[in-house]
There are 8 protein chains.
Amino acid sequence: MNGPPSPNGGPPPAETDLAFARVDLERARRTGIGEVVYGPGKTPAQLAAILTELHAREGFALATRVSPEQAAFVSDQPATADAFYVAAARVLTLGRRAPDPPLPGTVAVVAAGTSDLPVAEEARAVLEALGQGAALIADVGVAGLHRLTARLEEIRAARVVIVVAGMEGALPSVVAGLVERPVIAAPTSVGYGASFEGLAALLGMLNSCGSGVTVVNIDNGFGAAFAAVQINRLSTT
Amino acid sequence: MNGPPSPNGGPPPAETDLAFARVDLERARRTGIGEVVYGPGKTPAQLAAILTELHAREGFALATRVSPEQAAFVSDQPATADAFYVAAARVLTLGRRAPDPPLPGTVAVVAAGTSDLPVAEEARAVLEALGQGAALIADVGVAGLHRLTARLEEIRAARVVIVVAGMEGALPSVVAGLVERPVIAAPTSVGYGASFEGLAALLGMLNSCGSGVTVVNIDNGFGAAFAAVQINRLSTT
Amino acid sequence: MNGPPSPNGGPPPAETDLAFARVDLERARRTGIGEVVYGPGKTPAQLAAILTELHAREGFALATRVSPEQAAFVSDQPATADAFYVAAARVLTLGRRAPDPPLPGTVAVVAAGTSDLPVAEEARAVLEALGQGAALIADVGVAGLHRLTARLEEIRAARVVIVVAGMEGALPSVVAGLVERPVIAAPTSVGYGASFEGLAALLGMLNSCGSGVTVVNIDNGFGAAFAAVQINRLSTT
Amino acid sequence: MNGPPSPNGGPPPAETDLAFARVDLERARRTGIGEVVYGPGKTPAQLAAILTELHAREGFALATRVSPEQAAFVSDQPATADAFYVAAARVLTLGRRAPDPPLPGTVAVVAAGTSDLPVAEEARAVLEALGQGAALIADVGVAGLHRLTARLEEIRAARVVIVVAGMEGALPSVVAGLVERPVIAAPTSVGYGASFEGLAALLGMLNSCGSGVTVVNIDNGFGAAFAAVQINRLSTT
Amino acid sequence: MNGPPSPNGGPPPAETDLAFARVDLERARRTGIGEVVYGPGKTPAQLAAILTELHAREGFALATRVSPEQAAFVSDQPATADAFYVAAARVLTLGRRAPDPPLPGTVAVVAAGTSDLPVAEEARAVLEALGQGAALIADVGVAGLHRLTARLEEIRAARVVIVVAGMEGALPSVVAGLVERPVIAAPTSVGYGASFEGLAALLGMLNSCGSGVTVVNIDNGFGAAFAAVQINRLSTT
Amino acid sequence: MNGPPSPNGGPPPAETDLAFARVDLERARRTGIGEVVYGPGKTPAQLAAILTELHAREGFALATRVSPEQAAFVSDQPATADAFYVAAARVLTLGRRAPDPPLPGTVAVVAAGTSDLPVAEEARAVLEALGQGAALIADVGVAGLHRLTARLEEIRAARVVIVVAGMEGALPSVVAGLVERPVIAAPTSVGYGASFEGLAALLGMLNSCGSGVTVVNIDNGFGAAFAAVQINRLSTT
Amino acid sequence: MNGPPSPNGGPPPAETDLAFARVDLERARRTGIGEVVYGPGKTPAQLAAILTELHAREGFALATRVSPEQAAFVSDQPATADAFYVAAARVLTLGRRAPDPPLPGTVAVVAAGTSDLPVAEEARAVLEALGQGAALIADVGVAGLHRLTARLEEIRAARVVIVVAGMEGALPSVVAGLVERPVIAAPTSVGYGASFEGLAALLGMLNSCGSGVTVVNIDNGFGAAFAAVQINRLSTT
Amino acid sequence: MNGPPSPNGGPPPAETDLAFARVDLERARRTGIGEVVYGPGKTPAQLAAILTELHAREGFALATRVSPEQAAFVSDQPATADAFYVAAARVLTLGRRAPDPPLPGTVAVVAAGTSDLPVAEEARAVLEALGQGAALIADVGVAGLHRLTARLEEIRAARVVIVVAGMEGALPSVVAGLVERPVIAAPTSVGYGASFEGLAALLGMLNSCGSGVTVVNIDNGFGAAFAAVQINRLSTT
């Protein structure tokens, strides 16, 4: 939609039209964090073009749910020597984001079971890509409370807590009763039968008796991490 | 359907036809516990007739979800001097049931919140009417775990544990991880919005990560108690 | 469950058993904010007893979804001269909470339509009761964007933004694209037909394309406010 | 069902029975636009036969959701030299339709995200196949309103507006508040988790606070385009 | 938000803030039809104030789902001598709207059964209030097709057809196959059991095999009428 | 479970235990039609064994949803020279069933669209296998009523009418209004989006305004045919 | 819509327009049974007018779900001396229907529990009003099979069997395995919690493993009876 | 989390951290039965490591839903010579569990159809692995009651009864009416169309009219077996 950067040194245009997608370059200024690219449904070439464009202007680009094939293609481009792919999280970054001032403390990512790890890893990778320290505390489901209480000090040391759980989704309620920090609940599609692809966990978290729990979409580790950064950066403003 | 008792002293007929309802008198012999009457949709007179019939033959009759109006009418009948109504549980009994051999120990009824009490009281009243010792442990929801752990010895002392909870229905998972006894989960319709009248609690309990949890219908305190008695009486056979 | 306070000046017990409800007095120390009482299903006398107990120990008590009848009864008790009832929000408080250090700035409560006001008012009343400055910005639904943009500076001036909307629940997505602060979305049951009592708004908000939006239960103005306070007080620690 | 055309020059039969499908040739006369063929579940040979029959009589045939394999087979038939396949839209046409009088102006197809493009392309291809000028305005989702407002004049210049969106489906409400033309909302199955394959977008659009928005089935770009043509041709009658 | 009209004859402000609701006075200019007020949840006094304000500036005001009590109160105000209430439709108008140029022809409102009449009447009343000629054709459900075909000429004479049906919602498909005009389907909550308050009719209409059918929310006669006017006025521009 | 036939010529046992499945040989005597075997989930060898057993005793065996691989294996067995497979219907029979007295007249199988043919063919194949004359009338959906009315005499000539339709499932209502025979509605999973795999058609048929319509499960052509035979054979008893 | 009967002795018009409802007088000729009137949503006066009109021409009129108030009003009209109201079934008839030839045998109405009786009574009353002999067999739910088997001869003596059940809706499967007659399953809304107003029973019946079971809408005793008569009268043609 | 066993002979640590999963070794002491491993989503190497660890300490390890590939890998490890895989049940065990005192009697696993066998086999394999005698009674669905009654003595001889059924899930109600033992209902996803992947069977079982029936998740044969063991071992304590 916009033409090329004006040769006279004026501010760069806020948006570039790549024909198949408008890359929103003003977003970082407006909402504090730049646009994040959603991988599925894009060809490797499309993904590479969008990320290169973002990286060239912002010095940083982040994509989620990136397949190994997409990641390999993007990493092979000459302009993307800086690419970094976390396979367990399916997160791909170009460059680093170094918030100024830095984001204080850590965000804890608490996962109920090993099957919930992909979502938890996505949250951790996004946190770290955005310059936020993160601590992953896994396999502390409510059926064995001593596991959770053994890790309680680590969790209480965090400034924001993301709780990732599938099946009955009970962990956020228990955590919220034990810590005084904001708790973001991320339901997962882990389960079978009456879990209905994560619906049971989602409903459980929305009905949490733990005051102050807020919820993101099923399997949305990215969204939980993004919200945690927005919350934590509030202290720096 | 059957005629009157045979005059020659043969066994009484197994069933009596009250025109509007067949009273199943053989059931106690067949399944161990006599027929239980469901109150809603019956006129006070119908209810009184059914209970009187059962009581006359079995020495015991039990009805659930009985309104105060129904209870008052039944209690006022000359033949029902023995009637006993637990208003908080909406349970009405005629006579007492004294299992022989007696049912050992207690069944714990653990309730998450005060709003879950009507269902928990129904469970307790049915347990006691069937001759089973019961202990009600209330207001021990997962958002304040210290409440639950403070009562843990009482719960562990029971032979069977009924857990009653609405909203996210997380309590059975936590309890099942802490005790080694059979846990029966009874979801309640307590909640609002995305609780969808108890659906969230029901799904949570069905997906419990706590091994061995079984589930009854929403608000079905009676069913949980009945199952607990069937389980506990197994030890006496 | 606990006995009376020990006469020798030791620390007060963390919990008092009122027979029908355990009042959790340690909660303020543990999670930063004291227990909040849910009004429905409690008799006026029960509600008065619980709130009086909390107030006596904490200097502050807060109840939500309180009916005018409940509020009148509580206010008429000699021990509750300090009671304050916000009818539009159905929120009742005894005493004031003055966080130390104070909570900075304001939380904006943005409501889409006039029918969403009860939920928005609940959020505002809870914010103010917890010592958090609040600004209510109403009737700025997405069908007339100029209404929203006219209030944008007010919204951007807040530290946290609560967005309350029923029907299609589109407002949080739009707001999240315009501000750089944490956005908490509170769906309401406003609507008819295919709104399915707030389900449409809830699903819309969970699928928000606005990064960082987190969601609470349908009609849960209290939960949104509680989460906002937990988020904002992070800056003071 | 009908025999061959009568040799005496009478009107051709209104319908031909191809054994596996009745081709409705009277439809164009009755409803203004001829029968449109749905591709899935038909063999390439069946599809070719149906389209050839329609084309021979009407001079025009249109099929939707046509796979590349189906399209290649049909295009390879000697009788279908006129075939035209829009791969991005999965739409296949034989011949052209030139409405007389011509359809005035353009129909805007507004798409929220790049993942919504297949449905939007289907709508555009059907519009153009039916002789209606079309303008595709993509990647203008509500999370970045400046993208939408930058294209507003293009949208306002259209006579009918089709809005294609997945996830929360909020775009039609926003567009309907900004233009004075009929708005047809086409939800897509884009999303994950609580999008429930497009249900969230569908419910959002049905509950749109934007007056006058009407809705078609999930992923039904064809239906939206067909309705837009029916609406716009009203001006020519 | 805005002050009073400037005394120096400048244009009136686009919006007036009535404290509890922002009345959008620019809307008529922007979208072609002024704001329509939704009655439920407003006090009679609030409704009267909003309608009076709209009427004073626009010469016309329209409210839907107005109860007889609300209507009586508004009609009794001195400033609303011009009020007109259609009880069967629950529609209240102040003043008349005379579109210039006038809206051509009629819009047919076709209703399946007598129970669907309230929704059909709402549609008709809104059409007439907006200056659109309307024809109500009732009790022509698909179980007796001869009823429908007997009225077919009337329906075909209309420029736009609104089809109102509950239960299985089959009528729009049948009508769309018989007319060449835009068909707007309005499902109703008429039915019981597996109609699930109109869900069956809604799903039926969304899946209509009749090309070009678009759908509004359950029981939304107003929305169907509003869309029909937007469609028909296209011919006048 | 039973041993081999007694050597002394007594009646053959009513059931044979094939270890993995009990073949119910008494069923034909009890319900009038023998057991029908459901193909999915059985190995070709299991299916062959069950069908051979049934055929040996009853002179007839019928299986539905049989894959081509299963059918090929069964047909290749020496004992099953009599096997007959209708690929379009996925129905496999061994032997013929010749009811005595014969079943009168025909059952019409009316299908809305070409995509509904597999279910309609299953119904027809089962009818014919059970000795019932059948007539298939396809592609007569409600969007083109003249197609249906052109075949009306054929349909009215049948004794029972099975109506097969997906999408909105409107055809049974229309047919039931035109014929005086029992109508059995068979919804199909044909459709996309809000058809929810046949749910829309199922709900539409359950809410049919056509009196006397009864419904079977989604895609259950077999069940519709079986019910039709049970209905029609009533005339022979 | 039609004028009065022509004075010259021609056939009476097929339909009369009562302004608020078209009474379909040709229906009896077309489908074998006259129009049946649905009571809810009609004023007593409207109902009286419709029934009187039907009765005057057909000698018979039938209405379902008639309230006692409606029935009393209709019965008090001078022209309706012949009115007959079955309160337990909420069915009102004017005149009698005497099919010629008479309908053979009986239809059994089998009801699972006493709470299902209103639906069963509706079925029985409609059967008898249409001239079909009926037998009501109540309180034979599957939890006490001996009750059912004790009545089996009565059920097997019927020509068609209607099975009415709520809760889990298991009775039709059991009955279908025991009889060789057509079984029509009528789910009821009896139950609570996860019965979801009859959804559980409906789904159970649709998935019945009993071959040949067909299903009507929840609580639709009328529909089951109507279908049974259509089925049974087949033997007379 | 814990280090290696202390060299000085103290008690072994209660939990070992395998980095990707915490193996809970205290569980057997706490709940009576050791941790059971869920196979899906684990690599063969991960599964082998977890099971070896459990086996080394407990002398027993059990995993469910284990694929043949996983089982082959685990069995090939030198340390797992004791591995035993039940392919039909997808259950893998290392070592044997010999409860002391032994578990009395048998648990019956009653399955409705052959398609339900995988779930029933899982239940049987888990029972046997836990040292509980089991009896599998298959293919006794309610459509042929004589099959069930022929096996009744076997079922009545069991101490606990697990009932496995898909489709309408009616079998638990029937069984519960015939036996006096605890009945655990396990719904399966067997069925199609309106079975909605086991939802119909689940709802049927939750609404069972058979008193005392409790329910586990869809396809959860493991959970049913685990609960049965917890119930039966009660008699030994």
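Note that the structure is a prediction, hence the values are computed from the model and not measured. (Residues numbered from 1 in each chain as written. Chains lettered and ligands numbered in written order. Predicted model: local features only at pLDDT ≥ 70, side-chain atom pairs only at ≥ 80, totals over all residues. Heavy atoms only, no water.)

## Side note on the overall build of chain A
Phase 1 of the analysis: Helix and strand content of chain A: 9 helices and 11 strands.
Phase 2 of the analysis: Residue burial in chain A is summarised as follows: out of 237 residues, 61% are buried.
Phase 3 of the analysis: A fraction of 64% describes how many contacts in chain A between residues 6 or more apart in sequence connect residues 24 or more apart.
Phase 4 of the analysis: For chain A, the exposed area adds up to about 7700 Å²; of that, 56% sits on carbon and sulfur atoms. (Helix = DSSP H or I, 4+ residues; strand = E, 2+ residues; numbered from the N terminus. Buried < 20%, exposed > 50% of the residue type's maximum accessible area, 1.4 Å probe, protein only. Contact = heavy atoms within 4.5 Å. Areas by Shrake-Rupley, 256 points an atom, 1.4 Å probe, with all protein chains shown as cover.)

## A few points about the interface of chain D and chain C
Phase 1 of the analysis: Listed as interface residues are 22 residues of chain D and, on the opposing side, 22 residues of chain C.
Phase 2 of the analysis: Of the roughly 1900 Å² buried between chain D and chain C on both sides combined, carbon and sulfur atoms contribute 71%.
Phase 3 of the analysis: At the junction of chain D with chain C, the criterion picks out 0 salt bridges.
Phase 4 of the analysis: On inspection of chain D and its partner chain C, the count reaches 8 residue pairs in polar contact (both at pLDDT 80 or more).
Phase 5 of the analysis: Every element with two or more residues in the side of chain D that touches chain C is listed here: helix H7 (171-176) and helix H8 (199-206) of chain D.
Phase 6 of the analysis: Broken down by element, the side of chain D that touches chain C gets its largest block of residues, 4 residues, from H8(D).
Phase 7 of the analysis: Residues that form the side of chain D that touches chain C fall into these classes: 14 nonpolar, 7 polar and 1 charged. (Buried area = accessible area lost by both parts, 1.4 Å probe. Salt bridge = Lys/Arg side-chain N within 4 Å of Asp/Glu carboxyl O. Polar contact = N/O pair within 3.5 Å; in protein donor to acceptor, adjacent residues only side chain to side chain. Nonpolar A, V, L, I, M, F, W, Y, C, P; charged D, E, K, R; others polar.)

## Regarding the relation of the copies chain A and chain C
Put simply, the second copy of the chain is the first one after a rotation about an axis and a shift along it.
Phase 1 of the analysis: When chain A is fitted onto chain C, the two copies agree to an RMSD of 0.0 Å after a turn of 180 degrees and an axial shift of 0.0 Å. Taken together, the rotation and translation relating the two chain copies correspond to the operation of a two-fold axis. (Least-squares fit on C-alpha atoms with pLDDT ≥ 70 in both.)

## Regarding the interface of chain A and chain C
Phase 1 of the analysis: With 37 residues of chain A in contact, the opposing surface of chain C contributes 37 residues.
Phase 2 of the analysis: Summed over both sides, the interface of chain A with chain C buries roughly 3000 Å², with 50% coming from carbon and sulfur.
Phase 3 of the analysis: At the surface where chain A touches chain C, the tally comes to 2 salt bridges.
Phase 4 of the analysis: Note that Glu180(A) is salt-bridged to Arg233(C), the shortest N-O span being 3.9 Å.
Phase 5 of the analysis: Inspection of the chain A/chain C interface yields 8 residue pairs in polar contact (both at pLDDT 80 or more).
Phase 6 of the analysis: Contributing elements (two or more residues each) for the side of chain A that touches chain C: helix H1 (27-31), helix H8 (199-206), strand E11 (213-215) and helix H9 (221-233) of chain A.
Phase 7 of the analysis: For the side of chain A that touches chain C, the element with the most residues is H9(A), which contributes 8 residues.
Phase 8 of the analysis: Residues belonging to the side of chain A that touches chain C are distributed by class as follows: 16 nonpolar, 13 polar and 8 charged.

## Examining the relation of the copies chain D and chain C
Phase 1 of the analysis: If you rotate chain D by 180 degrees and push it 0.0 Å along the axis, it lands on chain C with an RMSD of 0.0 Å.
Phase 2 of the analysis: Most of the interface of chain D is mirrored in chain C, where 100% of its interface residues again form contacts.

## Focus on the confidence of the model for chain A
The predicted coordinates of low-pLDDT regions are not to be read in fine detail.
Residue and element names in this part refer to chain A.
Phase 1 of the analysis: The predicted model of chain A has a mean per-residue pLDDT of 86, with 86% of residues at 70 or higher.
Phase 2 of the analysis: Here residues 1-13 is a poorly scored stretch, pLDDT under 50, and it has 13 contacts once near neighbours within four places are set aside; other chains count.
Phase 3 of the analysis: In the predicted complex, the global pTM is 0.91; the interface-specific ipTM is 0.88. (pLDDT = per-residue confidence, 0-100.)

## Observations concerning the environment of Arg97(B)
All names here are of chain B.
Phase 1 of the analysis: Counting through the fold element by element, Arg97 comes out in the loop between strand E6 (91-94) and strand E7 (106-111).
Phase 2 of the analysis: Separated by 37 residues in sequence, Arg97 and Phe60 have C-alpha atoms that sit 6.1 Å apart.
Phase 3 of the analysis: Among the polar contacts listed, one links the side chain of Arg97 to the backbone oxygen of Leu130, at a separation of 3.4 Å.

## Thoughts on the packing of helix H2 (residues 44-58) of chain H against helix H3 (residues 68-76) of chain H
In helix packing, the relevant descriptors are the interaxial angle and the interaxial distance, both defined with respect to the helix axes.
Residues and elements named next belong to chain H.
Phase 1 of the analysis: The geometry of H2 relative to H3 is characterised by a closest axis approach of 9 Å and an angle of 50 degrees between their N-to-C directions. With respect to H3, the element H2 is oriented oblique. In this structure, H2 crosses over H3, and the sense of that crossing is right-handed. Taking contact as the criterion, the partners of Pro44, Ala45, Leu47, Ala48 and Leu51 in H2 are, on H3, Gln70, Phe73 and Val74.
Phase 2 of the analysis: The residue inventory of the contact of H2 with H3, partitioned by class, reads 7 nonpolar, 1 polar and no charged. (Axes fitted to C-alpha atoms, helices over the stretch in contact; angles between N-to-C directions. Parallel < 35°, antiparallel > 145°, perpendicular 65-115°, else oblique. Left-handed = near helix turned anticlockwise from the far one by under 90°.)

## Quick notes on helix H3 (residues 68-76) of chain G
All names here are of chain G.
Phase 1 of the analysis: Those residues of H3 that sit buried are Gln70, Ala71 and Val74. Projected onto a plane normal to the axis of H3, the buried residues spread over an arc of 95 degrees and lie on a single side. Summarising the geometry of H3, the exposed residues directed more than 90 degrees from the buried face are Pro68, Glu69 and Asp76.
Phase 2 of the analysis: Against helix H2 (44-58), strand E5 (83-86) and strand E6 (91-94) lie the buried residues of H3. (Arc of directions from axis to C-beta.)

## Regarding the packing of aromatic side chains
Phase 1 of the analysis: Counted according to the given criterion, the structure contains 16 aromatic pairs over all chains.
Phase 2 of the analysis: Between the aromatic rings of Tyr38(D) and Tyr192(F), the centroid separation amounts to 6.1 Å while the plane-to-plane angle is 15 degrees, which identifies the pairing as stacked. Taken together, the positions of Tyr38(D) in strand E3 (residues 36-38) and Tyr192(F) in the loop between strand E10 (183-187) and helix H8 (199-206) put the pair across two chains.
Phase 3 of the analysis: Ring centres of Phe222(D) and Phe226(D) lie 5.6 Å apart, and the angle between their planes is 65 degrees; this geometry places the pair in the edge-to-face category. Residue Phe222(D) and its partner Phe226(D) are both found in helix H9 (residues 221-232); the two are separated by 4 residues, about one turn of the helix. Exposure class is identical for Phe222(D) and Phe226(D). Each is buried.
Phase 4 of the analysis: The positively charged end of Arg65(D) is found above the aromatic ring belonging to Tyr192(F), 4.0 Å away from the centroid. (Phe/Tyr/Trp six-rings, centres within 6.5 Å; stacked < 30°, edge-to-face > 60°. Lys NZ or Arg CZ within 6 Å of the ring centre and 35° of its normal.)

## Looking at the sheet that holds strand E5 (residues 83-86) of chain B
Residue and element names in this part refer to chain B.
Phase 1 of the analysis: Taken in spatial order, the 4 strands of this open sheet run E3-E4-E6-E5, and their pairing is mixed. Pairing within the sheet leaves two strands with one partner each, and these edge strands are strand E3 (36-38) and E5. Across this sheet, the average inter-strand angle for adjacent strands is 20 degrees, counted without regard to direction.
Phase 2 of the analysis: Examined bridge by bridge, E5 and E6 share 4 bridges and lie antiparallel to one another. (Pairing = 2+ DSSP bridges.)

## Regarding the sheet that holds E3(D)
All names here are of chain D.
Phase 1 of the analysis: In space, the 4 strands of this open sheet follow the order E3-E4-E6-E5, with mixed pairing throughout. Two strands lie at the open edges of the sheet, namely E3 and strand E5 (83-86), each paired on one side alone. For this sheet, the mean inter-axis angle between neighbouring strands, taken without regard to orientation, is 20 degrees.
Phase 2 of the analysis: Across 3 bridges, E3 lies against strand E4 (residues 61-64) in parallel orientation. Note that in E4 the partner of Val36 across the bridge is Leu62.

## Some words on the pattern of salt bridges
Residue and element names in this part refer to chain A.
Phase 1 of the analysis: Enumeration over the complete set of coordinates arrives at 56 salt bridges over all chains.
Phase 2 of the analysis: Where Arg147 meets Asp139, a salt bridge forms, and the shortest distance between an N and an O atom there is 3.8 Å. Like Asp139, Arg147 is buried.
Phase 3 of the analysis: A salt bridge links Arg156 to Glu153; the shortest N-O distance between them is 3.7 Å. Taken as a pair, Arg156 and Glu153 lie in helix H6 (residues 152-156) at a separation of 3 residues, close to a single helical turn.
Phase 4 of the analysis: Taking the relative accessible area as the measure of exposure, Arg156 reaches 33% and is therefore partly exposed.
Phase 5 of the analysis: We classify Glu153 as exposed; its relative accessible area is 56%.

## A few points about the environment of Phe73(F)
Phase 1 of the analysis: Tracing the backbone shows Phe73(F) in helix H3 (residues 68-76).
Phase 2 of the analysis: Separated by 30 residues in the primary sequence, Phe73(F) and Thr43(F) place their C-alpha atoms 9.7 Å from one another.

## Topic: unusual backbone geometry
Phase 1 of the analysis: Cis geometry is adopted by the peptide bond preceding Pro101(F), which originates at Asp100(F) and carries an omega value of 5 degrees.
Phase 2 of the analysis: Position of Pro101(F) among the secondary structure elements: in the loop between strand E6 (91-94) and strand E7 (106-111).
Phase 3 of the analysis: The backbone phi angle of Phe196(B) is positive, close to 45 degrees, even though this residue is not glycine.
Phase 4 of the analysis: Note on placement: Phe196(B) falls in the loop between strand E10 (183-187) and helix H8 (199-206).
Phase 5 of the analysis: The backbone of Asp219(G) shows a phi angle near 65 degrees, a positive value even though the residue is not glycine.
Phase 6 of the analysis: Considering the arrangement of structural elements, one finds Asp219(G) in the loop between strand E11 (213-215) and helix H9 (221-233).
Phase 7 of the analysis: A relative accessible area of 18% places Asp219(G) in the buried class.

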